[in-house]
Amino acid sequence: MNANENRGQNRSQEPDQPRYRYDAQMAQTIEEHWQKEWDQEGAFWAANVAGDLKDSKGRNAEGRSPYFVIDMFPYPSGKGLHVGHPLGYIATDVVSRYHRMKGENVLHAMGYDAFGLPAEQYAVQTGQHPRVTTEQNIANMRWQLHRLGLSFDDRRSFATIDSDYVRWTQWIFSRIYESWYDTEYRRRDGGVGSARPISELEESFRSGSRAIPGYPDRTWDDLDQAERSDVLNDYRLAYISKSPVNWCPGLGTVLANEEVTAEGRSERGNYPVYQRELKQWSMRITAYGHRLVEDLDILDWPEKVKLMQRNWIGESHGASVLFKVPAKDGERTMEVYTTRPDTLFGATFAVVSPEHDLLRHVPDQWPEGVPEDWKGGYPDPSAAVRAYRLAAEAKTARDRVDEAGEKTGLFTGLYAVNPITGARLPVFTADYVLMDYGTGAIMAVPGGDQRDYDFATKYGLPVIYTVKPLPDSGQDLADFEGKAPFVSHDGIVINSSIEATEEAGDALSLDGLRVDQAMERVTSWLESAGVGRGTVSYRLRDWLFSRQRYWGEPFPIVYDDQGLPHLIPDDQLPVALPDVPDYSPKTFDPEDSESNPEAPLSRNQDWVDVTLDLGDGPKVYHRDTNTMPNWAGSCWYYMRYIDPHDTKHMVEPREFDYWLGPNHNATAGESGGVDLYVGGVEHAVLHLLYARFWHKVLYDLGFVSSKEPFHRLFNQGMIQAYAYTDKRGQYVPAAEVEESEEGGKTIYTWQGERVNREFGKMGKSLKNIITPDDMYRTYGADTFRLYEMSMGPLDESRPWNTRNVVGGMRFLQRLWRNVVDESTGQVVVDEGELDEKTLKLLNQTIHDVTAEMEGMRPNTAISKLIVLNNRLTSLKVTPRAAVEPLILMLSPIAPHICEELWNKLGHQESMAHADWPTWDERYLGQDTVTAVVQVKGKVRGKLEVGPDISAEELQAKALALPAIQERLGGKEPRKVIVKAPKIVSIVPA
RNA sequence: GCCCCGGUGGCGAAAUGGUAUACGCAUCGGACUUAAAAUCCGCCGCCUGUAUUGGCAUGUGGGUUCGAUUCCCACCCGGGGCACCA
């Protein structure tokens, strides 16, 4: 390479500064030079198994071990990046570069998640098409990231808005739409339950091997098209939902449960959300509830994230129990769900949710002797339940949360018969029972449940205790009686025994059993009596999948003149967004719950009406005018990095197996998937759950070979920043705040005025933004990378402090000076052998830094590299044999300066694929060790001893020390513990 | 309310049962310089003391251990998640 003569020469304005000092100016020259060099060389190209994507040497993968490492891909917002954003990108880059040096075939690439509301809103504000603004934003972000020296394979970059990509997103939707969940199908991994083509289901209806729900007396060929479409819709994994959905008038779109807060407001914009019956696309993620929980076990993820997913899915095991309810129009059955079937004997009343079907069968009059407060002042039960239901609907979710604990409810006039005891339980309706969990009805056990206890106390209902504390728990049931329920999964069952009778069936006794045994005993009793069975319940709901937006993927669906949906054939994909003048969403008064969604695409009649030949000749159809949510693109992008330009496959199976298949390398495990996935914990539930779901469907259908998309997940911490407010509470520019001492305290002033310091996020409105561009200008990308990696552990949040950045810069300057003469620019190194001390420190450093890199602890790796460099600084001339390994080890963190020094030291090849240094075990030991002599655990003396000293000899030496003799006062020690060669611990008499 | 994570110098932090405070920042002192910057060297937890030394320190209180920042129990403070899920 023809080295640029001016590179590495100082061009700063300071007249007396050495010409070849490493400063911000020089860093910039060096960094831009090497970035260009790497681009031209294709230094970071990963090699596929076959095909055109080869490495820079023109090779395919050729048996090299794959390593797939990516970041959660960014949303290219118009605001640009601040210094907090690249933390994870720098971390994955360090990991990528390290693995490349270990000889692995590293796939590291970056794409852009570019559909979505902010882009649309920004476009509406600026009056530009979202495609234009989004592409500008991507270009800007690409530049910012490129300037950091990130080692991406740029051939594999793409954006979710690319038509190549949209085509496959729609293709995946089509596969999900054409599938159903067969709960009995045995998968190739041995599990039971799998997505299967809907054609198989249709065939089983046609052949009669499966009964047609809703049409028990008819054959499939007998049904008309609309009836068949309707039956299949109830099975499809992507289906048209008929149950209430979250409608947000303020945003003008419907939302998924995951996008609605506990207060019942939109996560974005904080507008009210209403439950409305609207026909919308939904994904049957609930079919995968159990597998999504179960397979967390084979993932290398933070426990915290696994726990959040488990909680969100909320799998609970229990029993559903049938209660008979005599009503005016005949006997009804009420099914309740309980996680504690062992407490059936303690049920003293039942509660149904205000929307429950049973409430249509309440009696015309209140039964005799009903307490007044059970009636709520209503003349008859149906008036009561109607009024209560209306009142409950009018309550916002916010009200419900505020009132949690304060129980309300009314008697329904109905009684339910406990199937075990035959007891008649009054049935109430109350809004603490939710219609969409379990069966919407519960048996209330005030002796074992706080909510039931609260309700029972308010309405004067009896309390029966059926579980007592374990004898060794230190608790006694008498402490609870009359005061509180005994809520525990540990305990001994009491008062739970019946004789065999005609009414109740076989005898049953749970007395004396532990709770878990009792639950099993009751459940099997219920099953044999035909009045209940063990069931599993989930908190997870199906995923509402359509949005009324412009800037998203259109659905590959058209409707015929009967309104029946038809899939657009794969060879006609992608369905492109029409170019429309008005892409703004139709929003409403946020409080207007009566409004109806209006999709922007519906305004374009030319696009909506389309003539297609779907197999029975050209006909006019109407396109679906919804778009997919932002999550669609991020559900599968990781696998598209394998080849974003593949026109034949979503992903080619052989390439998938190599990069992401099960056991594709030593750590991938049976889950397979991305080897390292770095991103913020804010995606713990949404993105990560949706992507796992899609992946599992594609796995079931045989398109991918791994069970999971991401084998190892790492959540980087947040970079926090100080913000300052004046006495009116207004934020002032943080960069202009001055720090000083007053009366021993640190005070902060802005323009001479005292200001308050706060601690939190970095943000434009907080006036404390520092951008990567600021860092490039004053220090260079290498110093910026070094600082971010040295601030502390990667997974912890920490405050940004620009003042500390200079420490990293000084380290790089010392390293530079150790190789390059600052005034002449000449490389000066000692070609001879290393002295003993340097040799040992070098080997120890290689050993330690390797371990730190493996453990993703760049902060401690850096401190060890600094120690080694400080040793080299103390030598007259820097030895090549020590500085070269140092540069190699530093190169993943500060790649540009290392490439420059490597080049100056005479190496022609880029370091990108240089070998990571190895250590020699022989040099790890030390000649002498400082042994510590402790008396009662306190250090009272030190000895320099050989590393191989025997325990006996060390003990003798320690006891001979005058200071120790003095402490012992001539007496024999009671005990001496020797851990040669480090510690002698003496216990005096 | 329930669950999870954390609390170490003036500051960012290191040490996961064995010399607490590595590395960096700031402050202070010295060398170089006419001077300053830069650079190099050094001090740098608190109390006592010229120093040797001694005592006290890892949120608080207890426990286990020859020895605890590390393990156990209780509490205080900070951050995060969930929140009537039967």
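Residue indices follow the written sequence of each chain, beginning from 1 at its first position. Whichever chain is written first becomes A and whichever ligand is written first becomes 1, with later ones labelled in order. A pLDDT threshold of at least 70 governs which residues receive local features in this predicted model, and a stricter bar of 80 or more applies before side-chain atom pairs are shown or counted, although totals over entire chains, interfaces and linings include all residues. As a convention, hydrogens and water are excluded, and side-chain values are obtained from all of the structure's heavy atoms.

### Some details on the overall build of chain A
In step 1: Along chain A, the regular secondary structure elements total 28 helices and 37 strands.
In step 2: Principal axes of the C-alpha set define a box for chain A whose edges measure 105 × 95 × 65 Å.
In step 3: Note on exposure labels: buried denotes an accessible area under 20% of the residue type's maximum, exposed denotes more than 50%, and partly exposed covers the range between, all computed with a 1.4 Å probe on protein chains only. Counting every position in chain A, which comprises 989 residues, the buried fraction comes to 54%.
In step 4: Restricting the contact set of chain A to residue pairs at least 6 apart, pairs at least 24 apart contribute 69%.
In step 5: Accessibility throughout is a Shrake-Rupley quantity obtained with a 1.4 Å probe, and a residue counts as covered only by protein chains that appear here. Summed over its atoms, the accessible surface of chain A is roughly 44,400 Å², and 47% of this surface lies on carbon and sulfur atoms.
In step 6: When the 109 basic and 147 acidic side-chain charges of chain A are each reduced to a single mean position, those positions are 5 Å apart. By the criteria applied, helices consist of DSSP H or I runs no shorter than four residues and strands consist of E runs no shorter than two, each listed in order from the N terminus. Residue contacts are counted whenever heavy atoms from the two residues lie within 4.5 Å of one another. Charge counting follows a simple rule: Lys and Arg are positive, Asp and Glu are negative, and His as well as the terminal groups are ignored. Every charge is mapped to an atom, namely NZ of Lys, CZ of Arg, CG of Asp or CD of Glu.

### Overview of the packing of helix H24 (residues 858-874) against helix H25 (residues 880-890)
In step 1: Interaxial angles span 0 to 180 degrees and are taken between N-to-C directions of axes, which are lines fitted to C-alpha atoms, for helices over the stretch in contact. Packing of H24 against H25 brings their axes to within 11 Å, and their N-to-C directions diverge by 155 degrees. Between H24 and H25, the angle is such that the two are roughly antiparallel. Crossing geometry of H24 relative to H25 is assigned as left-handed. Between H24 and H25, the residues in contact are Leu865, Leu868, Asn869 and Leu872 and Ala882, Val883, Leu886, Met889 and Leu890, respectively.
In step 2: Across the contact of H24 with H25, the residue classes tally to eight nonpolar, one polar and no charged. In these notes the angle categories are as follows: under 35 degrees is roughly parallel, over 145 is roughly antiparallel, 65 to 115 is roughly perpendicular, and the rest is oblique. Note: crossing handedness is left-handed where the near helix turns anticlockwise from the far helix by less than a right angle, and right-handed where it turns clockwise. Ten residues, namely Ala, Val, Leu, Ile, Met, Phe, Trp, Tyr, Cys and Pro, are considered nonpolar, four, namely Asp, Glu, Lys and Arg, are considered charged, and the remaining ones, Gly among them, are considered polar.

### A few points about the environment of Leu237
In step 1: With respect to the helices and strands, Leu237 occurs in the loop between helix H7 (225-233) and strand E5 (238-241).
In step 2: Put simply, Leu237 and Lys767 are 530 residues apart on the chain and 47 Å apart in space, counted from C-alpha to C-alpha.
In step 3: If we ignore the near neighbours within four places in the chain, the residues touching Leu237 are Ile176, Ser179, Trp180, Tyr181, Ala195, Ser282, Met283, Arg284, Tyr288 and Val697.

### Side note on the protein's contact with RNA strand B
In step 1: For this description, a residue counts as near a given molecule or strand if any of its non-hydrogen atoms is within 4 Å of it. Every one of the 52 residues lining RNA strand B counts as a neighbour, but Arg21, Thr339, Tyr437, Arg451 and Ser985 are closest to it.
In step 2: The sugar-phosphate share of atoms of RNA strand B within 4 Å of the protein amounts to 67%.
In step 3: Distance and chemistry together define a polar contact, namely a pair of N or O atoms within 3.5 Å, with one atom able to donate a hydrogen and the other to accept it when in protein, and with adjacent residues in sequence counting only for side-chain atoms on both sides. Within the side chain of Arg810, an N or O atom sits 2.7 Å from a phosphate oxygen of RNA strand B.

### Observations concerning a positive patch on the surface
In step 1: Where like charges cluster on the molecular surface, the positive patch consists of Lys936, Lys938, Arg940 and Arg967.
In step 2: Relative to the helices and strands, Arg967 resides in helix H28 (residues 962-968). Surface patches are defined over residues having more than 30% relative accessible area and no salt bridge, joining like charges when they lie within 9 Å and nonpolar side chains (Val, Leu, Ile, Met, Phe, Trp, Tyr) when within 5 Å. Salt bridges are counted wherever a side-chain nitrogen of Lys or Arg sits within 4 Å of a carboxyl oxygen of Asp or Glu.

### Observations concerning the pairing of strand E25 (residues 618-623)
In step 1: Sheet topology note: the strand E22 (residues 557-559)/E25 ladder contains two bridges and is antiparallel. For Tyr559, the partnering residue across the bridge sits in E25 and is His622.
In step 2: For two strands to pair, DSSP has to find at least two bridges joining them. Counting the residues that bridge the hairpin from strand E24 (residues 609-613) to E25 gives four residues, and of these Gly615 lies at a positive phi of roughly 115 degrees.

### What to know about the confidence of the model for chain A
In step 1: Along the chain, pLDDT gives the predictor's confidence residue by residue, from 0 to 100. On average, residues of chain A score 89 in pLDDT, and 96% of them reach the 70 mark or higher.
In step 2: Across the predicted assembly, pTM comes out at 0.92 and ipTM at 0.94.

### Notes on the packing of helix H1 (residues 24-41) against helix H26 (residues 895-904)
In step 1: Where H1 contacts H26, the two axes come as close as 9 Å, and the packing angle between them is 85 degrees. As far as their axial angle goes, H26 and H1 are roughly perpendicular. Listed contacts from H26 to Ile30, Glu31, Trp34, Gln35 and Trp38 of H1 are Pro895, His896, Ile897, Glu899, Glu900 and Asn903.
In step 2: The residue makeup of the contact of H1 with H26, split by class, is five nonpolar, three polar and three charged.

### Remarks on the pattern of salt bridges
In step 1: Enumeration over the complete set of coordinates arrives at 51 salt bridges.
In step 2: Here Glu200 and Arg196 are joined by a salt bridge, their closest N and O atoms 2.7 Å apart.
In step 3: Look at Glu200 and you get partly exposed, because its relative accessible area is 34%.
In step 4: For Arg196, a relative accessible area of 15% corresponds to the buried category.
In step 5: In this structure, the salt-bridge partner of Arg218 is Asp222, at a minimum N-O distance of 4.0 Å.

### Notes on the nonpolar core
In step 1: Buried residues of nine kinds, namely Ala, Val, Leu, Ile, Met, Phe, Trp, Tyr and Cys, make up a nonpolar core once their side-chain atoms join them within 4.5 Å. Membership of the largest hydrophobic core comes to 181 residues, with the highest contact counts inside it found for Trp543, Trp694 and Trp800.
In step 2: In this view, Trp694 contacts Thr169, Ile172, Ile176, Met283, Trp543, Phe545, Ala632, Cys635 and Trp636; residues no more than four positions away in its chain are not counted.
In step 3: If you look at the next biggest cluster of nonpolar residues, it comprises 33 residues, including Val325, Val352, Val522 and Trp525.

### Here's the deal with the side chain of Ser157
In step 1: Looking at where Ser157 falls in the secondary structure, it is placed in the loop between helix H4 (130-146) and helix H5 (163-177).
In step 2: You can call Ser157 buried: its relative accessible area is 15%.
In step 3: At a separation of 2.8 Å, a polar atom in the side chain of Ser157 contacts the main-chain carbonyl oxygen of Met110.
In step 4: A polar contact is formed between the side chain of Ser157 and the side chain of Arg142, at a distance of 3.0 Å.
In step 5: Each residue touching Ser157, except ones within four places of it in the same chain, is listed here: Met110, Gly111, Tyr112, Arg142 and Pro644.

### A word on the sheet that holds strand E21 (residues 543-544)
In step 1: Spatially, E5-E9-E21 is the arrangement adopted by the three strands of the open sheet, whose pairing is antiparallel. The sheet is open, and its two borders are formed by E5 and E21, each paired with just one other strand.
In step 2: Sheet topology places E5 next to strand E9 (residues 280-283); four bridges connect them, and they run antiparallel. Across the sheet, Ala238 pairs through a bridge with Met283, a residue of E9.

### Digging into empty space enclosed by the protein
In step 1: Buriedness of a pocket was judged along seven lines, with at least five required to meet protein on both sides within 12 Å; pockets are open sets of points on a 1 Å grid over the protein atoms alone, cavities are sets where a 1.4 Å probe fits but cannot get out, and lining residues have an atom within 4 Å of a point. Grid points are joined across faces, edges and corners, and a volume is the space filled by probe spheres set on the points. Using the criterion set out here, one finds four cavities of 30 Å³ or more in the structure.
In step 2: For the largest cavity, the calculated volume is near 90 Å³.
In step 3: Around the largest cavity sit 14 residues that line it, and Trp45, Asp55, Arg64, Asn105 and His913 are the ones nearest its centre.
In step 4: Partitioned by chemical class, the residues of the lining of the largest cavity number five nonpolar, three polar and six charged.

### Details of helix H6 (residues 198-207)
Since there are 3.6 residues in each turn of an α-helix, residues three or four apart along the chain are aligned in direction.
In step 1: Looking at H6, one finds that the buried residues are Ile198, Leu201, Ser204 and Phe205. Seen end-on, H6 carries its buried residues on one side only, within an arc spanning 120 degrees.
In step 2: In this structure, the buried residues of H6 make contact with strand E3 (179-186), strand E4 (192-197) and H7.
In step 3: Two residues or fewer after H6 comes Gly208, characterised by a positive phi angle close to 85 degrees. Arc definition: directions from the helix axis to the C-beta atoms.

### Quick notes on the sheet that holds strand E37 (residues 983-987)
In step 1: In spatial order, the strands read E35-E34-E37-E36; together these four strands make up an open sheet with mixed pairing. Where the open sheet ends on each side, the last strands, each with one partner, are strand E35 (938-945) and strand E36 (975-979). For this sheet, the mean angle separating the axes of adjacent strands, direction not counted, is 15 degrees.
In step 2: Pairing of strand E34 (residues 929-935) with E35 involves seven bridges; the strand directions are antiparallel. Paired with Gln934 across the two strands is Val939, which belongs to E35.

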